[in-house]
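Here are the chains, one letter per residue:
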Amino acid sequence: RMRVQEGFGRKYEASDGDEFRVAPRDGIVIQSLEYPELNLEQQIGPDGRITVPLIGDVLVAGNTAREIQEVLTRLLSEYMKKVDIVVLVNVRASKRLFFMTSRNGRTIPLTGDLTAFDLIASSTLPAFSKTTAIKIMRADPVEPEIFRYNHDAMLYRGDSSTNIQLRADDIVFVPLTPVGQAFELLDKALVPFKLLGGAMST
């Protein structure tokens, strides 16, 4: 589970189609009826570990909640006669995607099902964005995938043929139309004159 994955080099595999596997920044809850001292919330550290009373640091990254529960039960059973813990994932912060426009970029937490339409419909795009040819890239050193999403077709005609489910580490890029690109180039060309004008007014 510690092997480095292809693509973005993630250490902890967490496929959307599988049971959720925790990674650093995720949080878990441990609950126990018999031992109140075991009732705690833990955020998984950068090293993939949590700290549990009696047993100290435990590597949990790459495991499901059920697997973490089995590991902790086995380790705690060396100190307790009856271990009745339950482990739940309460914070899913390790999955994210990258949203880029001509103006800026940001990372977006991927906490549940999210489609291309969901993302674009809830985002503010720069003027003259080319919403008919939005690129969705799944980076990989061997077989990268590139999808094109037509937001206008979905919005005005209900054509969902290009609307795909987004996955962790997807790169969503919204390009500009030719008119938008021309304005972008003009704006960059005018930067020195704007700086000069600002300096002269100062």
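Residues numbered from 1 in each chain as written. Predicted model: local features only at pLDDT ≥ 70, side-chain atom pairs only at ≥ 80, totals over all residues. Heavy atoms only, no water.

S.K.: Honestly, the packing of aromatic side chains in this entry has me stumped. Any pointers?
M.R.: The geometry of an aromatic ring pair is captured by the separation of the ring centres together with the interplanar angle, meaning the angle of the planes. A full pass over the atoms with the stated rule returns zero aromatic pairs. The ring of phenylalanine 20 is capped by arginine 92, whose NZ or CZ atom sits 4.4 Å from the centre of that ring. (Phe/Tyr/Trp six-rings, centres within 6.5 Å; stacked < 30°, edge-to-face > 60°. Lys NZ or Arg CZ within 6 Å of the ring centre and 35° of its normal.)

S.K.: Looking at this structure, I do not really get the environment of leucine 97. What am I missing?
M.R.: Relative to the helices and strands, leucine 97 resides in strand S6 (residues 96-100). Sequence separation of leucine 97 and alanine 168 is 71 residues, and the distance between their C-alpha atoms is 5.4 Å. The residues contacting leucine 97, other than those within four sequence positions of it, are Arg106, Thr107, Ile108, Leu110, Leu114, Leu119, Leu166, Arg167, Asp169 and Asp170. (Helix = DSSP H or I, 4+ residues; strand = E, 2+ residues; numbered from the N terminus. Contact = heavy atoms within 4.5 Å.)

S.K.: How should the nonpolar core be read in this particular structure?
M.R.: The tendency in soluble globular proteins is for nonpolar side chains to be buried side by side. Among the nonpolar cores identified, the biggest contains 19 residues, and Ile30, Ile50, Leu72 and Val87 are the most heavily contacted of them. Residue assignment for this core shows that the elements contributing at least two residues are strand S1 (27-31), strand S3 (49-52) and helix H1 (65-76). Examining the composition of this core, we find that four residues originate from one element, H1, more than from any other. When residues no more than four places from it in sequence are discounted, the contact partners of leucine 72 are Ile30, Ile50, Val52, Ile55, Val58, Ile85 and Val87. (Core = buried A, V, L, I, M, F, W, Y, C linked by side-chain atoms within 4.5 Å. Buried < 20%, exposed > 50% of the residue type's maximum accessible area, 1.4 Å probe, protein only.)

S.K.: Sorry, what's going on with the sheet that holds strand S2 (residues 40-43) here?
M.R.: Paired through their backbone hydrogen bonds, the strands of a sheet run either parallel or antiparallel. Spatial strand order, S2-S1-S5: three strands in an open sheet with antiparallel pairing. In this open sheet, the two edge strands, each paired with only one partner strand, are S2 and strand S5 (86-91). Direction aside, the axes of adjacent strands within the sheet are offset by 25 degrees on average. Pairing analysis gives five bridges linking S1 to S5, with the strands arranged antiparallel. In the sheet register, glycine 27 faces S5, and the bridge partner there is valine 91. The strands touched by H1 within the sheet are S1 and S5, with S5 carrying the most contacts at an inclination of about 135 degrees. (Pairing = 2+ DSSP bridges. Axes fitted to C-alpha atoms, helices over the stretch in contact; angles between N-to-C directions.)

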